[in-house]
Amino acid sequence: MTTILPYDDPLAQFARRRRYAEAGDNAWQLALQEAGIPRVNLGASFRNLDKSQDPKAYADCQKFAEGLDAAIEDEPVLESFADIEAMVGTDRPKRGLLLMGPPGNGKTSLAVAIARSYAKKTQGRRVIRFFLVAELLERVKATYGSEEEDASAVALVRGVDLLILDDLGQQRVTDWSSSQMRDLLQYVWGEDRQAIITTNLTIQELDECIDAAASISRLLGHCAVVQLNGDDRRIMP
């Protein structure tokens, strides 16, 4: 039987705090190692990326990294409906980042550089998780046939402080996968989660992939969009 333990579960939080306390000054490195980042991207940082390839995208990503958690820390306590009404229409920083562009433009490396910056900033006190979208859906399928009631993409990411969804749109498109993506985007938007999403697709292609205009609206409403340009860096001489 596969058991999904949410990252905000008290037992999971206790175990994580204990591991990171034992790691001491290396807690931020442990946070990155446990994030599920591919080994080829794990070393990416703002210090070693070539910002000359796309300086505006680099600067936008750095600005997003610097603002992580700031909106949460500065958020007023909402104690009444009047407080909620007062928040409507206010200019709040977006807690999501959508990195778009052709393959090989450095989207994943920039996402990991943001994660590294966040891990250092929080010294391992926040949960960072990296998921290749296609692999996340395969993990959901692996829970089928178990006694787990909430076998869904949302259940696998619930409670994550910085969620990275890599290669949205590269998963096999079926009614089921589209439904899972719609639910996941609803969770990210509805719960106002900090998230970085990368994709090789255009907005129109994402719309066809997810098959819901409302989900695309939530995605664009939640995320600042950064368009990367240039040649495929994986095959550059």
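Structural data are supplied above this passage.
Residues numbered from 1 in each chain as written. Predicted model: local features only at pLDDT ≥ 70, side-chain atom pairs only at ≥ 80, totals over all residues. Heavy atoms only, no water.

(A) Spatial organisation of empty space enclosed by the protein. Per the counting criterion, the structure on display carries one cavity of 30 Å³ or more. The computed volume of the largest cavity comes to approximately 30 Å³. Residue lining of the largest cavity: Leu 185, Val 188, Trp 189, Ile 197, Arg 218, Leu 219 and His 222, and that is the complete set. Elements supplying a minimum of two residues to the lining of the largest cavity: α9 (175-190) and α11 (213-222). The class makeup of the residues in the lining of the largest cavity is five nonpolar, one polar and one charged. (1 Å grid on protein atoms, 1.4 Å probe; cavity = no way out; pocket = protein on both sides within 12 Å on 5 of 7 lines; lining within 4 Å. Points joined across faces, edges and corners; volume = space filled by probe spheres on them. Helix = DSSP H or I, 4+ residues; strand = E, 2+ residues; numbered from the N terminus. Nonpolar A, V, L, I, M, F, W, Y, C, P; charged D, E, K, R; others polar.)

(B) The arrangement of the environment of Asp 69 in detail. Structurally, Asp 69 is set in the loop between α3 (55-67) and α4 (70-74). Each C-alpha atom, one on Asp 69 and one on Thr 122, is 9.2 Å from the other, the two residues being 53 residues apart in sequence. Leave out the neighbours within four places in its chain, and Asp 69 touches Tyr 118, Thr 122, Arg 126 and Gln 194. There is a polar contact of 2.9 Å between the side chain of Asp 69 and the side chain of Tyr 118. (Contact = heavy atoms within 4.5 Å. Polar contact = N/O pair within 3.5 Å; in protein donor to acceptor, adjacent residues only side chain to side chain.)

(C) How the structure looks around a nonpolar patch on the surface. On the surface, a nonpolar cluster with roughly 200 Å² of combined accessible area is contributed by Ile 203, Leu 220 and Val 225. Note on placement: Ile 203 falls in helix α10 (residues 203-210). (Patch = residues over 30% accessible without salt bridge, like charges linked within 9 Å, V, L, I, M, F, W, Y side chains within 5 Å. Areas by Shrake-Rupley, 256 points an atom, 1.4 Å probe, with all protein chains shown as cover. Salt bridge = Lys/Arg side-chain N within 4 Å of Asp/Glu carboxyl O.)

(D) α11, seen in detail. Within α11 the residues assigned to the buried category are Ser 215, Ile 216, Leu 219 and His 222. Each buried residue of α11 sits inside an arc of 135 degrees when the element is viewed along its axis, so together they form one side. In this fold, the buried residues of α11 make contact with β1 (96-100), α9, β4 (195-199), α10 and β5 (223-227). (Buried < 20%, exposed > 50% of the residue type's maximum accessible area, 1.4 Å probe, protein only. Arc of directions from axis to C-beta.)

(E) Inspection of the layout of surface pockets at higher detail. Estimated volume of the largest pocket: approximately 410 Å³. What lines the largest pocket is a set of 23 residues, among which Asn 105, Gly 106, Lys 107, Thr 108 and Ser 109 lie closest to the centre. At the level of elements, α3 and α6 (107-122) are the ones that each hand at least two residues to the lining of the largest pocket. Here the lining of the largest pocket is composed, by residue class, of seven nonpolar, eight polar and eight charged. Here the second largest pocket is characterised by a volume of approximately 290 Å³. Broken down by secondary-structure element, the contributors of at least two residues to the lining of the second largest pocket are α3, α4 and β5.

(F) Expanded view of the pairing of strand β3 (residues 162-166). Where burial is concerned, most of β3 is hidden: five out of the five residues are buried. Here β3 shows no split at all, with Leu 162, Ile 164 and Asp 166 on one side and Leu 163 and Leu 165 on the other all buried. The pairing of strand β2 (residues 128-132) with β3 spans five bridges and is parallel. Opposite Phe 131, over in β3, you have Leu 165 as the bridge partner. By the bridge criterion, three bridges tie β3 to β4 in an arrangement that is parallel. Across the sheet, residue Leu 165 finds its bridge partner in β4, namely Ile 197. Each parallel crossover has a hand, and for β3 linked through α9 to β4 it is right-handed. (Pairing = 2+ DSSP bridges. Right-handed = clockwise from strand over helix to strand, strands pointing away.)

(G) Summary view of the nonpolar core. Core analysis: the largest hydrophobic core is formed by 33 residues, its most contacted members being Phe 46, Leu 97, Leu 99, Ile 114 and Ile 196. Those elements that provide at least two residues to this core are α2 (27-33), α3, β1, α6, β2 and β3. The element that contributes the greatest number of residues to this core is α6, accounting for eight residues. Those residues in contact with Leu 97 that sit more than four places away from it in its chain are Cys 61, Phe 64, Ile 114, Ala 195, Ile 196, Ile 197, Cys 223, Ala 224 and Val 226. Counting residues in each nonpolar core, the second largest holds 31 residues, with Met 100, Leu 163, Ile 197 and Cys 209 among its members. (Core = buried A, V, L, I, M, F, W, Y, C linked by side-chain atoms within 4.5 Å.)

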